[in-house]
Amino acid sequence: MATVLVFIDNPGEQLHKGNLELLTLAAAAGEPMVALNGPLHDAVKATMAEYGVQRIYRPSSDALDDYLVAPKAAYLAEAARQAEPAAVLLDNTFEGKEIAGRLGIKTSSGVVTDVIALSGSGSDLTATKSVLAGAYTVECKSSAGIPIMTVKPNSVPPAPAAASAQPEETVIEIEAGAGPAARITGREDRPTSGRPALTDAQVIVSGGRGTNGDFGPIEALADVLGGAVGASRAATDAGWIEHSAQVGQTGQTVSPQLYVSAGISGAIQQKAGMQTSKVIVAVNKDHDSPVFEIADFGVVGDLFEVLPQATEEIRKRRS
Ligand code: FAD
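Structure report, in brief. All figures in this text were calculated on a predicted structure; none of them were measured in a lab.

Some points on the layout of surface pockets
Any empty space left between the atoms is revealed when a probe the size of a water molecule rolls over them.
Then, in step 1: Each pocket or cavity is described by its volume, and for the second largest pocket that value is around 460 Å³.
Then, in step 2: For the second largest pocket, the lining is made up of 26 residues, of which Arg209, Ser232, Ala234, Ile264 and Ser265 are closest to its centre.
Then, in step 3: At the level of elements, α6 (233-237), α7 (268-274), β13 (279-284) and α9 (303-318) are the ones that each hand at least two residues to the lining of the second largest pocket.
Then, in step 4: Class assignment for the residues of the lining of the second largest pocket results in 7 nonpolar, 14 polar and 5 charged.

Considering helix α4 (residues 94-107)
Then, in step 1: Between the first and last C-alpha of α4 there are 20 Å, a value that for 14 residues agrees with the 20 Å anticipated at 1.5 Å per step.
Then, in step 2: Regarding α4, the residues found buried are Gly96, Ile99, Ala100, Leu103 and Gly104. Within α4, the buried residues cover an arc of 145° as seen down the axis, which keeps them to one side. Projecting away from the buried face of α4 at angles above 90 degrees are the exposed residues Phe94 and Ile105.
Then, in step 3: On the buried face of α4, the contacting elements are β1 (3-9), α3 (70-83), β4 (87-91), β5 (111-119) and β8 (148-151).
Then, in step 4: Backbone geometry just after α4 places Ser108 at a positive phi near 50°.

Topic: α3
Then, in step 1: For α3, which comprises 14 residues, the first-to-last C-alpha distance of 20 Å matches the rise-based estimate of 20 Å (1.5 Å per residue) to within 8%.
Then, in step 2: Taken together, the buried positions of α3 are occupied by Ala70, Pro71, Lys72, Ala73, Tyr75, Leu76, Ala77, Ala79, Ala80 and Ala83.
Then, in step 3: Following α3 by one or two positions, Glu84 adopts a phi angle in the positive range, close to 45°.

A few points about the sheet that holds strand β11 (residues 228-231)
Then, in step 1: One open sheet accounts for 5 strands, arranged β11-β10-β12-β13-β14; its pairing is parallel. The sheet is open, and its two borders are formed by β11 and β14 (297-300), each paired with just one other strand. Put simply, the sheet's adjacent strands are angled 15° from each other on average, direction ignored.
Then, in step 2: Along the sheet face, α9 touches β12 (258-262), β13 and β14 and points at about 135° away from the line of β13.

A look at the site of the ligand
Then, in step 1: Around the ligand sit 26 residues, and of these Arg209, Ser232, Thr250, Ser265 and Asn284 come closest.
Then, in step 2: Between an oxygen atom of the ligand and a side-chain N or O atom of Arg209, the distance comes to 2.6 Å.
Then, in step 3: At 2.9 Å from an oxygen atom of the ligand is found a main-chain nitrogen or oxygen belonging to Arg233.
Then, in step 4: Coverage of the ligand by the protein amounts to 75% of the 990 Å² it exposes when considered alone.
Then, in step 5: Taken atom by atom, the bulk of the ligand overlaps the second largest pocket.
Then, in step 6: Counting only elements with at least two residues in the shell around the ligand, the list comes to α6, α7 and α9.

Topic: the nonpolar core
Then, in step 1: In terms of nonpolar packing, the biggest core is built from 28 residues, with Ile8, Leu23, Met48, Leu89, Leu118 and Met149 touching the most fellow members.
Then, in step 2: The set of elements that each furnish at least two residues to this core consists of β1, α1 (17-29), β2 (31-37), α2 (42-50), β4, β5 and β8.
Then, in step 3: Per-element tally for this core: the top contributor is α1, with 6 residues.
Then, in step 4: For Ile8, the contacting residues outside a window of four places in its chain are Leu15, Asn19, Leu23, Val34, Ala35, Leu36, Asn37 and Met48.
Then, in step 5: Counting residues in hydrophobic clusters, the runner-up holds 26 residues, among them Met33, Tyr67, Leu90 and Ile172.

As for the side chain of Lys152
Then, in step 1: Structurally, Lys152 can be placed in the loop between β8 and β9 (168-172).
Then, in step 2: Although Lys152 lies buried, it forms no salt bridge, and the closest oppositely charged side chain, Asp114, sits 5.5 Å away as judged by the N-O distance.
Then, in step 3: In this structure Lys152 touches Glu21, Asn92, Asp114, Val115, Ile116, Ser130, Thr253 and Thr276, once residues within four positions along its chain are discounted.

Description of the packing of α3 against α4
Then, in step 1: Where α3 meets α4, the axes come as close as 9 Å, and the angle between the chain directions of the two elements is 55°. By the angle between their axes, α3 is oblique relative to α4. Handedness of the crossing formed by α3 with α4: right-handed. Between α3 and α4, the residues in contact are Ala70, Lys72, Ala73, Ala74, Leu76 and Ala77 and Glu95, Ile99, Arg102, Leu103 and Lys106, respectively.
Then, in step 2: In the contact of α3 with α4, the residues fall into 7 nonpolar, no polar and 4 charged.

Remarks on unusual backbone geometry
Then, in step 1: In the Ramachandran plot, Asp114 falls in the positive-phi region, its phi being about 55° despite a non-glycine side chain.
Then, in step 2: Structurally, the position occupied by Asp114 is in strand β5.
Then, in step 3: A residue is classified by how much of its surface remains accessible, and Asp114, at 17% relative accessible area, is buried.
Then, in step 4: In this structure, Asn212 takes a positive phi of about 55° despite not being glycine.
Then, in step 5: Summarising the element assignment, Asn212 is placed in the loop between β10 (203-207) and α5 (216-224).
Then, in step 6: For Asn212, a relative accessible area of 64% translates into the label exposed.

Thresholds applied
Residues numbered from 1 in each chain as written. Predicted model: local features only at pLDDT ≥ 70, side-chain atom pairs only at ≥ 80, totals over all residues. Heavy atoms only, no water. 1 Å grid on protein atoms, 1.4 Å probe; cavity = no way out; pocket = protein on both sides within 12 Å on 5 of 7 lines; lining within 4 Å. Points joined across faces, edges and corners; volume = space filled by probe spheres on them. Helix = DSSP H or I, 4+ residues; strand = E, 2+ residues; numbered from the N terminus. Nonpolar A, V, L, I, M, F, W, Y, C, P; charged D, E, K, R; others polar. Expected span 1.5 Å × (residues − 1). Buried < 20%, exposed > 50% of the residue type's maximum accessible area, 1.4 Å probe, protein only. Arc of directions from axis to C-beta. Contact = heavy atoms within 4.5 Å. Pairing = 2+ DSSP bridges. Axes fitted to C-alpha atoms, helices over the stretch in contact; angles between N-to-C directions. Near = heavy atom within 4 Å. Polar contact = N/O pair within 3.5 Å; in protein donor to acceptor, adjacent residues only side chain to side chain. Areas by Shrake-Rupley, 256 points an atom, 1.4 Å probe, with all protein chains shown as cover. Sits in = over half its atoms within 2 Å of the grid points. Core = buried A, V, L, I, M, F, W, Y, C linked by side-chain atoms within 4.5 Å. Lys, Arg positive; Asp, Glu negative; His and termini not counted. Salt bridge = Lys/Arg side-chain N within 4 Å of Asp/Glu carboxyl O. Parallel < 35°, antiparallel > 145°, perpendicular 65-115°, else oblique. Left-handed = near helix turned anticlockwise from the far one by under 90°.

Right, here's the structure in full:
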């Protein structure tokens, strides 16, 4: 049976939902194997077993994180050489895409990014993705080497394998600083908000220029829904919220179950990052705003009146 290699980078003590989604897609397309970077905790190994992972590759060096992506790509290329997979899956983060690109060069393989669904198996693997700022949905196959795909979060509900596996471990010899690589000289933790990461969140409440810099109602609604806070580029450019919250063509692409857009006009570059969300709710003062073209539910109104009422009502119903 064809194998599918999944790259999992530093999951910590538990696999994240995005990791589980990749393992679910891998199991549907073949026999899942994992190239792990970082410590392998017992709970992580047990979950991999539940998801049918047959083999876990690990690097001989724990210094991959001391560098930017080059040694991770070298490690993954060696794991792919040994595993001979029918496909390699990575997450769709900036780093995942960069590793995928480097892996593509190292293995003379085609790379598909921003994948939202996979079908078929083995060498017949077909990816669905949206292109041209989300204007078209296309299906594509790699015509060279091993198909390398970076998959957006929330593309598939995680599902353990029908039968669990007993993963074997294989160490890949790798010298982290051997080739040309940029070394990381310092790190600073990002202040934690207690909210889920934007790309993993099931619910995102996003604010734009219409907030006029006051993200209070956006944050309150996000918190009552257990969601993340996003933003349009107008809001991040104005410095009202950090750049990492930007959703869109030059920000994060997200696909939550629920995306609430408030005070955002819905420019094509914003739509490109969120239009694959399952349910889109738009709140905008202007009934002609283009965001209503893609909204499942629209409220024409002032976000400073609409959002607090929604937050209050949800709070009441939950108490
Ligand atoms: P505006 O377009 O100014 O819209 C504000 C909206 O708020 C209006 O519709 C208004 O009716 C409404 N409003 C005002 N007050 C209220 C209120 N009190 N209550 C309710 N509604 C109210 N944009 C992104 O978002 N993400 C990207 O990744 C991105 N990448 C880009 C890349 C390129 C190359 C370029 C050229 C542009 C990019 N942009 C991106 C910018 C994009 O074109 C828009 O300029 C931007 O999305 C507009 O942000 P906005 O909707 O918040 O602001």
